[in-house]
Amino acid sequence: MLWDRARAIFPGGVNSPARALRHLQSPLIAERGEGAYLYTDRGKLVDFCMGFGPLILGHRPKPVLDAVKAWLERGWLYAMLTEPEVELGETIIRHVPSVKKIRFVSTGTEATMNAVRLARGYTKRDVIIKFEGNFHGSHDYVLVKAGSGAATWGIPTSAGIPADVAKLTVVVPYNDVEAFRKAIREVGDRLAAVIVEPVAGNYGLIIPDIDFLKTLREETERVGALLIFDEVITGFRLGLSGAQGRFGVIPDITTLGKIIGGGFPIGAFGGRQEVMDLVAPSGPVYNAGTFNAHPVSMVAGLATLRELERGYPYEVADRAAEKMARGLEDLAGRYGFDVVVKRISSMFQLYFKRGDVKTPQDVRESNEKLYLKLHEIALSHGVYLTPSQYEVNFTSSMHTDEVVNEALQALELAFRKLKLV
Ligand code: PMP
């Protein structure tokens, strides 16, 4: 069996922990994706994971497929400048307010790693503040009290990070203005940067108070540190201008990934000209990569952004997420479960708890076991919810009313069964 072969050669049988699905006997095996659906070893599933965020146009959208196919005919790696990278860079700069210059890398992890290095190079300071439950990829500066798979698997702070490195990362509760002010007072003029997910999408979904984001902006400016918005998830998901456009809070550096590569490997960091000009070769902050600005990722990203500029994908995806959120609340109510459902744009998550979800602590107080049970039952009825309480569900422009109705009908059966468990 494929799973046995995988287990024999990959740690935990997978190549990224979030795919292992702790609560199931074995991970899912994908065969193909089409629109809002995944075809797997468990059959055809309505997908609400969407590759953990990049696939805002659904699986295998024609504009992306055509662009990639056409480009492949020309070869795919030159170690030279190409036209699509200039066009994608210009397109991003046109839409994302803080980005005046940009560097493409291959993953979100590299984007945040380089953003932090750049902030340290610019300020000539060492300490960064990050927030509990935020996930910025898997490198040493940020794998401290992290979310996503690190939270799912109970290893939010990775082994193998030197204590001398970890102590330069000060961790503060997300969405807690007072705790943040206290940390700023303590770190003082050693602070190089604050890095934050402007909407937290790696500890379930936590929507910040606008005051929290504004305070980050004011305080970093006051102490001469840089503010980094990690928009790897929110960039081009919360609209063309991302969370910064939505909330009107403009950071110094922005990291992007996921959607801007149309489902191919991608990351980027960008910001003010005077800051970005410190990046090599125009400055002393080093970054390089064999696959930086890979042409296939560039054309896929460009085709995706061109579709998003037409507006309709946001309308469909946002409406789908809203219908799902209301539908889940309604089903939970009918079957007697206390739930909180959070939604912004085309992201949503469900928590089995009373009250509200505004902090990582609120997420931890929800009933994770019930979530995983619902996930498992929903899967058997053809719906693939995001596979952890610490991730979010995504909709796409292929999640039409028809697809959402199909999913909610399946989820009704799932809630009915959940009641009997
Ligand atoms: N930042 C955020 C906010 C993310 O959600 C992720 C990945 N889920 C990353 C960074 C890391 O991106 P990648 O997996 O491409 O390295």
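Being a predicted model, the structure only gives us computed values, none of them experimental.

### A few points about unusual backbone geometry
The omega torsion of the bond from Ala280 to Pro281 falls at 10°, within 30 degrees of zero and hence cis. With respect to the element layout, Pro281 can be found in the loop between α10 (273–276) and α11 (295–309). A positive phi is found at Asn175, a non-glycine position, where the angle reads about 70°. Its identity as a non-glycine residue notwithstanding, Ser345 has a phi of 45°, on the positive side.

### With respect to the sheet that holds strand β5 (residues 127–131)
In space, the seven strands of this open sheet follow the order β4-β10-β9-β8-β7-β5-β6, with mixed pairing throughout. The open sheet has two edge strands with one neighbour each: β4 (101–105) and β6 (169–172). Sheet twist, expressed as the average angle between the axes of neighbouring strands with direction ignored, equals 20°. The pairing of strand β8 (residues 226–230) with strand β9 (residues 253–257) spans three bridges and is classified as parallel.

### Quick notes on a nonpolar patch on the surface
A grouping of Leu72, Trp76, Leu77 and Phe291 is seen on the molecular surface, where their side chains present a nonpolar patch of about 410 Å² in accessible area. One can find Phe291 in the loop between α10 and α11. The class of Phe291 is partly exposed, set by a relative accessible area of 48%.

### So, the site of the ligand
Taken together, Thr107, Gly108, Thr109, Phe135, His136, Gly137, Glu197, Asn202, Asp230, Val232, Ile233 and Lys258 make up the full set of residues near the ligand. Taking Asp230, its side chain carries an N or O atom lying 2.6 Å from a nitrogen atom of the ligand. The fraction of the free accessible surface of the ligand (390 Å²) that becomes covered by protein chains is 82%. Split by residue class, the shell around the ligand holds three nonpolar, six polar and three charged.

### As for the sheet that holds strand β11 (residues 340–344)
Remark on secondary structure: sheet strands pair via backbone hydrogen bonds, oriented parallel or antiparallel. The strand order β11-β12-β14 describes an open sheet built from three strands, whose pairing is antiparallel. Each having just a single partner strand, β11 and β14 (393–394) make up the two edges of the open sheet. On top of the sheet, helix α12 (residues 312–334) reaches β11 and β12 (347–351); it is set at about 170° to β11, its chief contact.

Reading the values: the criteria
- Residues numbered from 1 in each chain as written.
- Predicted model: local features only at pLDDT ≥ 70, side-chain atom pairs only at ≥ 80, totals over all residues.
- Heavy atoms only, no water.
- Helix = DSSP H or I, 4+ residues; strand = E, 2+ residues; numbered from the N terminus.
- Pairing = 2+ DSSP bridges.
- Axes fitted to C-alpha atoms, helices over the stretch in contact; angles between N-to-C directions.
- Patch = residues over 30% accessible without salt bridge, like charges linked within 9 Å, V, L, I, M, F, W, Y side chains within 5 Å.
- Areas by Shrake-Rupley, 256 points an atom, 1.4 Å probe, with all protein chains shown as cover.
- Salt bridge = Lys/Arg side-chain N within 4 Å of Asp/Glu carboxyl O.
- Buried < 20%, exposed > 50% of the residue type's maximum accessible area, 1.4 Å probe, protein only.
- Near = heavy atom within 4 Å.
- Polar contact = N/O pair within 3.5 Å; in protein donor to acceptor, adjacent residues only side chain to side chain.
- Nonpolar A, V, L, I, M, F, W, Y, C, P; charged D, E, K, R; others polar.
- Contact = heavy atoms within 4.5 Å.

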